[in-house]
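# Structural overview
Each chain, letter by letter, is given below.
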Amino acid sequence: MSINFDFSGRSVIVTGAAQGIGYAIANSFVEAGANVAVVDRDEDRLNEAWNHAGDKVLRLALDVADEAAVDAAVASVEAWRGGPDVVINNAGITRDVVVWKMTAEQWRAVLDVHLTGTFHFTKAAIPRMRAKGSGRIINVTSYTGMHGMVGQANYAAAKAGIIGFTKATAKEVARFGITVNAISPNASTAMVAAIPADKLKALTEQVPMGRFAEPSEMSSAFQFLSSDEAAYITGAVLPVDGGVAM
Ligand SMILES: NC(=O)c1ccc[n+]([C@@H]2O[C@H](COP(=O)([O-])OP(=O)(O)OC[C@H]3O[C@@H](n4cnc5c(N)ncnc54)[C@H](O)[C@@H]3O)[C@@H](O)[C@H]2O)c1
């Protein structure tokens, strides 16, 4: 399910692309003609998921929290097909526990992946996008970052931080033809499958559309904000969530 955008010749980085929403988005960009660098720290799953991909896909196994690895990855994408023209900061984890039982490791792990990983890829991409006079950065936030969720203080802080980061960065780079936006998704993935059944049932009932989406239903929004047609949209937070964030 995707609008027919043409990303031929464009170079796109998608983090967390071994499964779930990241895989679906990356796949939709490949179908739209882009050269896609698929990033994930789970090397086995990345190789399995993209085993049959052709020469339009570059696999990069790394941890988005590792600044040196991210810098090297963005340089390798530039050497491979130029750009990047589009960066989608999607990699994510959860370490759910109430805040008074949360270890510093559980706190740091979640902030490192979501917030610091988003910072690393954004920082590495901007000089290259500035040189081209255009670029699209899309960060992935969450309902939890806007409204909170029991057991997710670390994740809520990271996802709320991503909204502030998106807006500040959008203001800094708007004059260079670069847009920075955030999407708040809601889709059936491994992350959602890890939620206990009774809690998942309650969460599903809160969605006005009464269901979680398929990951592929996220793709058209990511493609739209990555397109030339979205050149005047920046600093926005777009919910693609069946209405749950209303
Ligand atoms: N599924 C939802 O309903 C939902 C709702 C709101 C926000 N989100 C966000 O959407 C994004 C994708 O979630 P998903 O549901 O597809 O999750 P998922 O668990 O299915 O996939 C996440 C991917 O990120 C990778 N990853 C994790 N840490 C990494 C790291 N340090 N470096 C590189 N890769 C790493 C994982 O290996 C995995 O392949 C996340 O940012 C998540 O917080 C999802």
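From a predicted model like this one, the values you see are computed outputs, not experimental measurements.

## What about the packing of helix α1 (residues 20-31) against helix α9 (residues 219-226)?
- It is the contact of α1 with α9, at a shortest axis distance of 9 Å, that shows an interaxial angle of 55°. In terms of orientation, α1 lies oblique with respect to α9. Taken as a pair, α1 and α9 cross one another with a handedness that is right-handed. Where α1 abuts α9, its residues Ile 21, Ala 24, Ile 25, Ser 28 and Phe 29 lie against Ser 219, Phe 222, Gln 223 and Ser 226.
- When grouped by side-chain class, the residues that make up the contact of α1 with α9 number five nonpolar, four polar and no charged.

## Describing empty space enclosed by the protein
- One pass over the structure, following the stated rule, counts one cavity of 30 Å³ or more.
- Within this model, the largest cavity holds a volume of roughly 40 Å³.
- Together, Thr 15, Val 64, Asn 89, Asn 90, Ala 91, Val 113, His 114, Gly 117, Thr 118 and Phe 121 line the largest cavity.
- With five residues, helix α4 (residues 104-132) is the largest single contributor of residues to the lining of the largest cavity.
- Its residues assigned to classes, the lining of the largest cavity shows four nonpolar, six polar and no charged.

## Topic: unusual backbone geometry
- Along the chain, Gly 83 connects to Pro 84 via a cis peptide bond; the corresponding omega equals 10°.
- In this structure, Pro 84 sits in the loop between α3 (67-81) and β4 (86-89).

## As for the sheet that holds strand β7 (residues 237-240)
- Across the sheet, which stays open at both edges, the seven strands sit in the order β3-β2-β1-β4-β5-β6-β7 with parallel pairing between neighbours. Two strands in the sheet have a free side with no partner beyond their single neighbour: β3 (57-61) and β7. Ignoring strand direction, the axes of neighbouring strands in this sheet form an average angle of 20°.
- Two strands pair when backbone bridges link them, and strand β2 (residues 35-40) and β3 are joined in this way by five bridges, in the parallel orientation. Across the sheet, the residue bridging to Val 39 is Leu 60, located in β3.
- Relative to the sheet, α9 contacts β4, β5 (135-140), β6 (178-185) and β7, its axis offset from that of β5 by approximately 145°.

## Regarding the site of the ligand
- As a structural note, the neighbourhood of the ligand is formed by 29 residues, with Asp 40, Asp 63, Asn 90, Tyr 155 and Thr 189 the closest of them.
- Note that a nitrogen atom of the ligand is positioned 3.5 Å from one of the backbone N or O atoms of Leu 62.
- Between Asp 63 and the ligand, the recorded distance is 2.7 Å, taken from a side-chain N or O atom to a nitrogen atom.
- Here the ligand has 830 Å² of accessible area as a free molecule, and 94% of this is covered by the chains.
- A molecule is said to occupy a pocket when more than half its atoms come within 2 Å of that pocket's grid points, and by this definition the ligand occupies the largest pocket.

## With respect to the pattern of salt bridges
- Tallying each qualifying case throughout the model produces eight salt bridges.
- Between Lys 201 and Glu 205 there is a salt bridge, with its nearest N and O atoms 3.2 Å apart. Placement of the pair is Lys 201 and Glu 205 together in helix α8 (residues 197-206), with a separation of four residues, close to one helical turn.
- Given the relative accessible area of 57%, Glu 205 is considered exposed.

## Observations concerning the packing of aromatic side chains
- This structure, assessed with the given rule, holds four aromatic pairs.
- Measuring from centroid to centroid gives 4.9 Å for Tyr 23 and Trp 50, while their planes differ by 50°, and the two rings are tilted. Placement of the pair is Tyr 23 in helix α1 and Trp 50 in the loop between α2 (43-49) and β3, with a sequence separation of 27 residues.
- Tyr 23 sits in the partly exposed class, given a relative accessible area of 29%.
- Seen from the ring of Phe 176, Arg 130 lies directly overhead, with NZ or CZ sitting 3.8 Å from the centre.

Quick notes on the rules
- Residues numbered from 1 in each chain as written.
- Predicted model: local features only at pLDDT ≥ 70, side-chain atom pairs only at ≥ 80, totals over all residues.
- Heavy atoms only, no water.
- Axes fitted to C-alpha atoms, helices over the stretch in contact; angles between N-to-C directions.
- Helix = DSSP H or I, 4+ residues; strand = E, 2+ residues; numbered from the N terminus.
- Parallel < 35°, antiparallel > 145°, perpendicular 65-115°, else oblique.
- Left-handed = near helix turned anticlockwise from the far one by under 90°.
- Contact = heavy atoms within 4.5 Å.
- Nonpolar A, V, L, I, M, F, W, Y, C, P; charged D, E, K, R; others polar.
- 1 Å grid on protein atoms, 1.4 Å probe; cavity = no way out; pocket = protein on both sides within 12 Å on 5 of 7 lines; lining within 4 Å.
- Points joined across faces, edges and corners; volume = space filled by probe spheres on them.
- Pairing = 2+ DSSP bridges.
- Near = heavy atom within 4 Å.
- Polar contact = N/O pair within 3.5 Å; in protein donor to acceptor, adjacent residues only side chain to side chain.
- Areas by Shrake-Rupley, 256 points an atom, 1.4 Å probe, with all protein chains shown as cover.
- Sits in = over half its atoms within 2 Å of the grid points.
- Salt bridge = Lys/Arg side-chain N within 4 Å of Asp/Glu carboxyl O.
- Buried < 20%, exposed > 50% of the residue type's maximum accessible area, 1.4 Å probe, protein only.
- Phe/Tyr/Trp six-rings, centres within 6.5 Å; stacked < 30°, edge-to-face > 60°.
- Lys NZ or Arg CZ within 6 Å of the ring centre and 35° of its normal.

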